[in-house]
Amino acid sequence: MLTLEQNETLTKTGPGTPMGTAFRRYWLPALLSRELPAPDCDPVRVKLLGEEFVAFRDTDGRVGIVEPRCPHRGANLFFGRNERCGLRCAYHGWKFTTEGKCVDIPNAAPDVAARLMPQAGIRALHVAEAGDIVWAWFGEADETPPPLPEFEFMAVPPEQRFVGKKFQQCNWAQACEGGLDTAHFSYLHAGMRNGEKVGLHEAGRGPRPSVGDNEPPNLARLRWLAEDGAPRFTVLKHAAGLLLCAARSTDDDRLYWRMTQFLMPNHSLAPGNFPEDTALANTWMPVDDTSCWIFCYAWHPDRPIGEKERARLAAGAGIFAEVDEDYVPLSRRENDYRMSRTDQREVSFTGIRGISEQDQAIADSQGLIADRTRELLCQTDLGVVRFRETALAAAQDAMEGRTPLGVDHPGAYRVRSGDLVARGDATVEEVVQERFGEHWGMAAGG
Amino acid sequence: MLTLEQNETLTKTGPGTPMGTAFRRYWLPALLSRELPAPDCDPVRVKLLGEEFVAFRDTDGRVGIVEPRCPHRGANLFFGRNERCGLRCAYHGWKFTTEGKCVDIPNAAPDVAARLMPQAGIRALHVAEAGDIVWAWFGEADETPPPLPEFEFMAVPPEQRFVGKKFQQCNWAQACEGGLDTAHFSYLHAGMRNGEKVGLHEAGRGPRPSVGDNEPPNLARLRWLAEDGAPRFTVLKHAAGLLLCAARSTDDDRLYWRMTQFLMPNHSLAPGNFPEDTALANTWMPVDDTSCWIFCYAWHPDRPIGEKERARLAAGAGIFAEVDEDYVPLSRRENDYRMSRTDQREVSFTGIRGISEQDQAIADSQGLIADRTRELLCQTDLGVVRFRETALAAAQDAMEGRTPLGVDHPGAYRVRSGDLVARGDATVEEVVQERFGEHWGMAAGG
Amino acid sequence: MLTLEQNETLTKTGPGTPMGTAFRRYWLPALLSRELPAPDCDPVRVKLLGEEFVAFRDTDGRVGIVEPRCPHRGANLFFGRNERCGLRCAYHGWKFTTEGKCVDIPNAAPDVAARLMPQAGIRALHVAEAGDIVWAWFGEADETPPPLPEFEFMAVPPEQRFVGKKFQQCNWAQACEGGLDTAHFSYLHAGMRNGEKVGLHEAGRGPRPSVGDNEPPNLARLRWLAEDGAPRFTVLKHAAGLLLCAARSTDDDRLYWRMTQFLMPNHSLAPGNFPEDTALANTWMPVDDTSCWIFCYAWHPDRPIGEKERARLAAGAGIFAEVDEDYVPLSRRENDYRMSRTDQREVSFTGIRGISEQDQAIADSQGLIADRTRELLCQTDLGVVRFRETALAAAQDAMEGRTPLGVDHPGAYRVRSGDLVARGDATVEEVVQERFGEHWGMAAGG
């Protein structure tokens, strides 16, 4: 539970706000590289942390994310023409580079134009591309940005990776909290059969998991998720964030561990994967205070993601959502997530199709900005509590001029998340060592 | 005419407002029983007096109207699963009864859960069902609600009754005032023929009333409505509200009386019915300060309402409207009530089809909240003036801790409204006695 | 560049604002005469300067523009019945003339009605019809309006004229500034061929202008527009506004002059026409502070506008737009003006079809109300700067009780705009004299 002031601090990310100031010290995903597919392609509107920009890829392939306002008379550069290494305003032809430099003022005499140009620069974010994502850093033009965070999905070859994004109509922080909260798998993502809760499955998207004598090992895990709604949490802090460990009972005295990474300021690596599985992660990127982009990353450390799996992800499996051409989920606030009460009675606990859509519905349902001043937290909320503490500390650091957690530890982002079935008496440290080995160690020393 | 302050008092019904405080002392219609048709059926959203709720019918058939916010982390219980005598939150499975009691916290250890549960109750309205309507009372959980008002439509067998509702996009009070204002029948509901106003009819819904030598008696009444636009009003006060009596000229020295009941705080029994006719009534229930539900009741004291009449009412005859599956009229503010200017020239005074739709259009047209600080009232507005006085007095009573009019006189709601053609020299008391006999007497002594 | 206060003054036109007070001293176009095509036709809603009205044409053909609120109980007179020289309220039948006089109160006894009527008048604007336009003057009922401005388009026979209107979703002043800014023709309205800017043409609406050896004279002008993005401005002030003269280079030492009229408070006569061409003009009429009607006038001083040209204008050529039945352009803010990025690469500088649509897009893109506190003006903005000064002076005059510029000089509106190719050493005065002769002289002495 937060005070009203703490809740405001956590959730507001506009210019000058404490959390917004912290966010602006990190590299942040701004859009997918494929949204700007080729040199001189169509400019696109981008809104980040409450600020509007226009993004374009110039003739040399460089991406610019610039303020959309022409300094001449304020026309919007979104309507501009992307030509010959610059974006030209549609009104009188003023031209700007990806760095925001004004390089042509054709409606003034040459001497006047030369005099005006130095004043006519526009704001441009620092930009880098990695992992099929366009990253932005909000520092001043003359500041040197920190190194990019070393996410594993950015290090693997492109064929081992698939990325996407989806729009969510609520504040970033409650959506992020959903990603740190494995406890809700026992209900929100549960399936139903004959009036009884059964393991997680993507309702209607495929055959239901079969249970019973011949249950395959990876289905047992889904059953344990449904059966133990009160996993025991342990949270470890590291140089870029938190490792959230949650243990559930199994059919014997072993424990089923799900381990989630929270990486500052707004990333999570999802649990759910055993060592052989595709890894999944998200960034919860504020558009403004009542909406966010959720960037979705899937990758495999060792092998390509095949066509079939790639198609399944693109169609909205797992943390991905079924989206329209603007990356807005087809299931959304306005249509009650296409919930079916019949399905809720017979097929799944929510009657909403899709893991992502279930997460989205419940986060939206907390309001445009969740009220954290009235809550009754219990121990499965420990991850959420630690997330809030860590985020608020970063906000305070940023406001007091200190570097917030992780910014100068890019190697600490080289971590993994995942699941393990371990001996009941293993310590958390032993479980972590067994599951992640050096990968965790690298993070700790990152 | 009201002062700005009086107009605010009359029209605002949110928590803590004077009128809202008065409303919260009465049993109020919350939804139709058929909106919750069976045990464990789909929960529905309900908004009343500016407050949001979720309504559900549990396994035993009991209806709950509860605050929609799960006390754990604030997820919306609308998405919850209605199962085994309780509504279970979709996020982590907390479960609540129709009385708002928390009976399961599955993501906490049993001892913690037991400790949390007493703090985890949610607000629940007092609920009763009568007359195919779910009634709500806003008092505290430990308060004893007053008896239900003894409306005749609730007392008759179900086959003698038909109820419905319709949405209106304006403040409750001006919609209610329209229901107390029989004077407007001479214009708003008039038909047109050859450029002359003729009796009320439902434009385009059926054959026009024929006039002339063979005019049937019930059509003469419609002609008198059109011909005398200035009925003389007398208003009598009783233990639950007001009896509004309006006399119009006829073809001889008799008078045509229309008598409307206003019952606190927001009900009216419509005139228009002679003793043999189906009776009609409405409740004007604030959703928020700029919209309301209009509940519609039709009943016959002595005989069933047949299939044909029932179908006609369901299709939007009389005080009922043609509505979509969300009870929103097909003719509405956004489409100018499907007004036809051609029809306005040739068929009806407004060019809008349907008595209800005409009422709706004119109330909406007064603005989202009518401005009563600039008006030029005349004597046909006497009923409206008395309504405002009575409502404002109740608001003051409620704020000063007195029981507002009618709350403790449930029997005073056992009254009727209706029409009569009477001798020109009969007193109002004689007319009332002749038309209602003991039914009015019962009310007076209710 | 303006101060924040100046920008507010320029852009706000509601009751009591300085600019709004100035506007209310001028005759202003309220609607097209053809929107009220016949006696007793359908009433229409009109919003002007932030105030709502209902307009109707009575049985005798007179137009009334009256406040929409019935003084009885506030019902909206838009739903009223237009009958027998008056608009009758749909609620209780109160009836009002085009002058706002109440002439019937049928729900009161005759003596009461007679007493109420003098208090029951409603506000009515002064109205005149000229040039197929309904003009309104906002002065008090007992004030004498000034004479109508003597626009040439109103003086020519109807067959020499075509008028229309289109809706724009931004403040009036920035749309008007676009009309005073011929410099933008070099970019906003430019065509593209093989990656090079070519002369203005209506992208996709007809064959592209051919360039080269056999270029017709009127296409050379379009090429000069594209080639010289920095025309030299001279601004002359006269008794009703400003004459804005802009000179561009040609293929030899002559200059290509485009001369625009700004006429107070919100009219412009467009350049682009040589003496033999159809003349074009606009009024930028505030609906409220974030939208305006743009009235469009086309006329020829000497000959009828033929069917073919009339059809072309009605379909949206030149300053006219392709509009729906409510005069809202089909290309608009919500659909990004149906911009095609492919067309932007290959056909036109903006990828937006239509001169009017291009103007509309760029004005909208400056925001609902353009921020003039941050600008980098250069010499092609001289016309815009003078416009602002002239408008702000009128606002101050109006607030201090002086007659703002032009109100009492109706003859000064009898001016023309247009183009000329002149000797390079001709003075502006010589150019003006050559192009306009006595027409300009008449204006100066008007």
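Model, not experiment: these values are computed from the prediction.

Q: Would you explain the overall build of chain A in this entry?
A: On a plain count of helices and strands, chain A comes out with twelve helices and 20 strands. Computed over its C-alpha atoms, the radius of gyration of chain A comes to 23 Å, within 12% of the 22 Å expected for a compact globule of 446 residues. For chain A, restricting intrachain contacts to residue pairs at least 6 apart in sequence, the fraction spanning at least 24 positions comes to 62%. About 16,300 Å² of surface is accessible on chain A, with carbon and sulfur atoms providing 52% of the total. For chain A, the distance from the average site of its 50 positive side-chain charges to the average site of its 64 negative ones is 3 Å.

Q: Where do I start with the side chain of Lys 166 of chain C in this structure?
A: All names here are of chain C. Turning to its location among the elements, Lys 166 is positioned in strand S11 (residues 161–168). A distance of 2.6 Å separates polar atoms of two side chains, one belonging to Lys 166 and the other to Ser 356. Once you skip the residues sitting within four places of it in the chain, Lys 166 turns out to touch Cys 292, Trp 293, Ile 294, Cys 296, Ile 319, Ala 321, Val 323, Tyr 327, Pro 329 and Ser 356.

Q: Can you walk me through the confidence of the model for chain A in this structure?
A: Note that predicted coordinates carrying low pLDDT should not be read in detail. Residue and element names in this part refer to chain A. For chain A, mean pLDDT is 93; residues scoring 70 or higher make up 94% of the total. Low confidence marks residues 202–213, where pLDDT is under 50. Its contacts with residues over four positions away, or in another chain, come to 29 contacts. Below pLDDT 50 for its whole length, residues 441–446 participates in ten contacts with residues either more than four positions away or in separate chains. Confidence estimates for the predicted assembly give a pTM of 0.94 and an ipTM of 0.94.

Q: I tried to follow the interface of chain A and chain C on my own but got confused; where do I start?
A: Where interface size is quoted, it is often the accessible area lost as the parts come together. Chain A puts 32 residues into the contact, and the matching count from chain C is 34 residues. Both sides together, the interface formed by chain A and chain C hides about 2,900 Å², and carbon and sulfur atoms give 51% of it. Our count for the contact surface shared by chain A and chain C stands at five salt bridges. Put simply, Arg 345 of chain C and Asp 42 of chain A hold a salt bridge, and the shortest N to O gap is 2.9 Å. Across the chain A-chain C interface, the total number found is 22 residue pairs in polar contact (both at pLDDT 80 or more). Broken down by class, the residue content of the side of chain A that touches chain C amounts to 14 nonpolar, eight polar and ten charged.

Q: For this particular structure, what's the right way to read the pattern of salt bridges?
A: Between side chains of opposite charge, a pair can form as their charged atoms come close. Inspection of every chain in the model, using the stated rule, returns 112 salt bridges over all chains. Two residues, Glu 309 of chain C and Arg 303 of chain C, come together in a salt bridge whose shortest N-O distance is 3.7 Å. Taken together, the shared-partner salt bridges connect Arg 81, Glu 83, Arg 88 and Asp 104 of chain A into one network.

Q: What's the story with the relation of the copies chain A and chain B in this structure? I'm lost.
A: The operation relating the two chain copies consists of a rotation about an axis and a shift along that axis. For these two chains of identical sequence, chain A goes onto chain B by a turn of 120 degrees and a shift of 0.0 Å along the axis, with RMSD 0.1 Å. Both copies of the chain, as the preceding transformation shows, are related through a three-fold rotation axis. Within chain A, the C-alpha atom positioned nearest to the axis of rotation is that of Glu 334 of chain A, 11 Å from it.

Q: Is there a simple way to think about the sheet that holds strand S2 (residues 44–48) of chain B in this case?
A: Where strands meet in a sheet, backbone hydrogen bonds hold them as pairs that are either parallel or antiparallel. Residue and element names in this part refer to chain B. Spatial strand order, S2-S3-S4: three strands in an open sheet with antiparallel pairing. Looking at which strands have only one partner, the edges of the open sheet turn out to be S2 and strand S4 (63–66). Shown here is a sheet whose adjacent strand axes are inclined to one another by a mean of 30 degrees, direction ignored. Note: strand S3 (residues 51–57) against S4, four bridges, orientation antiparallel. In the strand pairing of S4, Phe 56 is matched with Gly 64.

Q: What is the right way to read the interface of chain A and chain B from this model?
A: Contacts between chain A and chain B engage 34 residues on the former and 32 residues on the latter. A combined buried area of about 2,900 Å² lies between chain A and chain B, and 51% of that area is made up of carbon and sulfur atoms. When the buried surface of chain A facing chain B is broken down by residue, Tyr 187, Arg 341 and Leu 376 of chain A rank first, second and third, together holding 24% of it. Counting across the interface, chain A meets chain B through 22 residue pairs in polar contact (both at pLDDT 80 or more). Elements represented by at least two residues in the side of chain A that touches chain B include exactly helix H5 (172–179), helix H8 (341–346), helix H9 (355–365) and helix H10 (382–399) of chain A. Among the elements that take part in the side of chain A that touches chain B, H8 of chain A stands out by supplying three residues, more than any other.

Q: Where do I start with the sheet that holds strand S10 (residues 133–137) of chain A in this structure?
A: All names here are of chain A. Taken together, three strands build an open sheet; the order of strands is S1-S10-S9 and the sheet is antiparallel. Of all strands in the sheet, those with a lone pairing partner are strand S1 (28–32) and strand S9 (126–130), marking the two edges. Strand-to-strand, the axes of this sheet are offset by a mean angle of 35 degrees, without reference to chain direction. In the sheet, S9 pairs with S10 via five bridges, with the strands oriented antiparallel. Bridging across to S10, Val 127 finds its partner in Ala 136.

Q: How do you make sense of unusual backbone geometry when you look at a structure like this?
A: Residues apart from glycine generally show negative phi values, whereas peptide bonds are mostly found in trans. Pro 265 of chain A follows Met 264 of chain A through a cis peptide bond whose omega is -5 degrees. Considering the arrangement of structural elements, one finds Pro 265 of chain A in the loop between strand S16 (255–263) and strand S17 (267–269). Even without being a glycine, Asp 40 of chain B presents a positive backbone phi close to 60 degrees. Within the secondary structure layout, Asp 40 of chain B lies in the loop between strand S1 (28–32) and S2.

Q: Would you mind showing me how to read the pairing of strand S15 (residues 241–249) of chain B here?
A: For a regular strand, the rule is simple: side chains alternate between the two faces of the sheet. All names here are of chain B. Summarising burial for S15: eight of the nine residues are buried, a large majority. Relative to S15, strand S14 (residues 232–238) is paired through seven bridges, and the arrangement is antiparallel. Note on S15: the bridge partner recorded for Val 235 is Leu 244. Sheet analysis places S15 next to strand S16 (residues 255–263), joined by nine bridges and oriented antiparallel.

Q: Even after reading the chapter, I still don't get the environment of Ala 220 of chain C, so can you show me in this structure?
A: Mapped onto the fold, Ala 220 of chain C is located in helix H6 (residues 217–227). Separated by 30 residues in sequence, Ala 220 of chain C and Thr 250 of chain C have C-alpha atoms that sit 8.3 Å apart.

Q: Can you walk me through the packing of helix H1 (residues 4–11) of chain B against helix H10 (residues 382–399) of chain B in this structure?
A: Two packed helices can be described by the angle between their axes and the distance between those axes. Residues and elements named next belong to chain B. Two numbers describe how H1 lies on H10: the axes approach to 10 Å, and their chain directions differ by 75 degrees. The angle between the axes of H1 and H10 places the two elements in the roughly perpendicular class. Touching Gln 6, Thr 9 and Leu 10 of H1 are Phe 387, Arg 388, Ala 391, Leu 392 and Ala 395, all from H10. Taken together, the residues that form the contact of H1 with H10 break down as five nonpolar, two polar and one charged.

Q: Any chance you could explain the nonpolar core here in plain terms?
A: In summary, soluble globular proteins display a tendency toward joint burial of nonpolar side chains. Residue and element names in this part refer to chain B. One finds Leu 31, Ile 65, Trp 135, Phe 153, Trp 172, Tyr 297 and Phe 387 to be the most contacted residues of the largest nonpolar core, which totals 81 residues. It is strand S19 (residues 291–299) that contributes the most residues to this core, eight residues altogether. In this structure, Ile 65 is in contact with Ala 30, Leu 31, Phe 53, Val 54, Ala 55, Thr 98, Arg 123, Ala 124, Leu 125, Val 127, Val 134 and Ala 136, ignoring residues within four places of it in sequence.

Q: Would you take a moment to explain the packing of aromatic side chains for this structure?
A: Geometrically, a pair of aromatic rings is defined through the distance of the ring centres and the angle of the planes. Scanning the entire structure with this criterion turns up 48 aromatic pairs over all chains. Their ring planes at 45 degrees and their centres at 6.1 Å tell us that Phe 153 of chain A and Trp 299 of chain A sit as a pair that is tilted. Here Trp 299 of chain A lies in strand S19 (residues 291–299) and Phe 153 of chain A lies in helix H4 (residues 152–155), a separation of 146 residues in the sequence. Considered together, Phe 153 of chain A and Trp 299 of chain A belong to a single accessibility category, that of buried residues. Ring plane angle 35 degrees and centroid distance 6.2 Å describe the contact between Tyr 256 of chain B and Phe 274 of chain B, whose orientation is recorded as tilted. Within this pair, whereas Tyr 256 of chain B is found in strand S16, its partner Phe 274 of chain B is found in the loop between strand S17 (267–269) and strand S18 (279–288), the two being separated by 18 residues in sequence. Residue Tyr 256 of chain B shares its accessibility class with Phe 274 of chain B, and that shared class is buried. Against the face of Phe 185 of chain A rests Arg 258 of chain A, its NZ or CZ located 4.2 Å from the ring centre.

Q: When you look at the side chain of Ser 365 of chain B in this model, what are you seeing that I'm missing?
A: By the secondary structure assignment, Ser 365 of chain B is in helix H9 (residues 355–365). Overall, Ser 365 of chain B belongs to the buried group, its relative accessible area being 12%. At a separation of 2.8 Å, a polar atom in the side chain of Ser 365 of chain B contacts the main-chain amide nitrogen of Asn 76 of chain C. For Ser 365 of chain B, the contacting residues outside a window of four places in its chain are Gly 74, Ala 75, Asn 76 and Phe 79 of chain C.

The rules behind the values
Residues numbered from 1 in each chain as written. Chains lettered and ligands numbered in written order. Predicted model: local features only at pLDDT ≥ 70, side-chain atom pairs only at ≥ 80, totals over all residues. Heavy atoms only, no water. Helix = DSSP H or I, 4+ residues; strand = E, 2+ residues; numbered from the N terminus. Rg over C-alpha atoms; globule rule 2.2 N^0.38 Å. Contact = heavy atoms within 4.5 Å. Areas by Shrake-Rupley, 256 points an atom, 1.4 Å probe, with all protein chains shown as cover. Lys, Arg positive; Asp, Glu negative; His and termini not counted. Charge placed at Lys NZ, Arg CZ, Asp CG, Glu CD. Polar contact = N/O pair within 3.5 Å; in protein donor to acceptor, adjacent residues only side chain to side chain. pLDDT = per-residue confidence, 0-100. Buried area = accessible area lost by both parts, 1.4 Å probe. Salt bridge = Lys/Arg side-chain N within 4 Å of Asp/Glu carboxyl O. Nonpolar A, V, L, I, M, F, W, Y, C, P; charged D, E, K, R; others polar. Least-squares fit on C-alpha atoms with pLDDT ≥ 70 in both. Pairing = 2+ DSSP bridges. Axes fitted to C-alpha atoms, helices over the stretch in contact; angles between N-to-C directions. Buried < 20%, exposed > 50% of the residue type's maximum accessible area, 1.4 Å probe, protein only. Parallel < 35°, antiparallel > 145°, perpendicular 65-115°, else oblique. Core = buried A, V, L, I, M, F, W, Y, C linked by side-chain atoms within 4.5 Å. Phe/Tyr/Trp six-rings, centres within 6.5 Å; stacked < 30°, edge-to-face > 60°. Lys NZ or Arg CZ within 6 Å of the ring centre and 35° of its normal.

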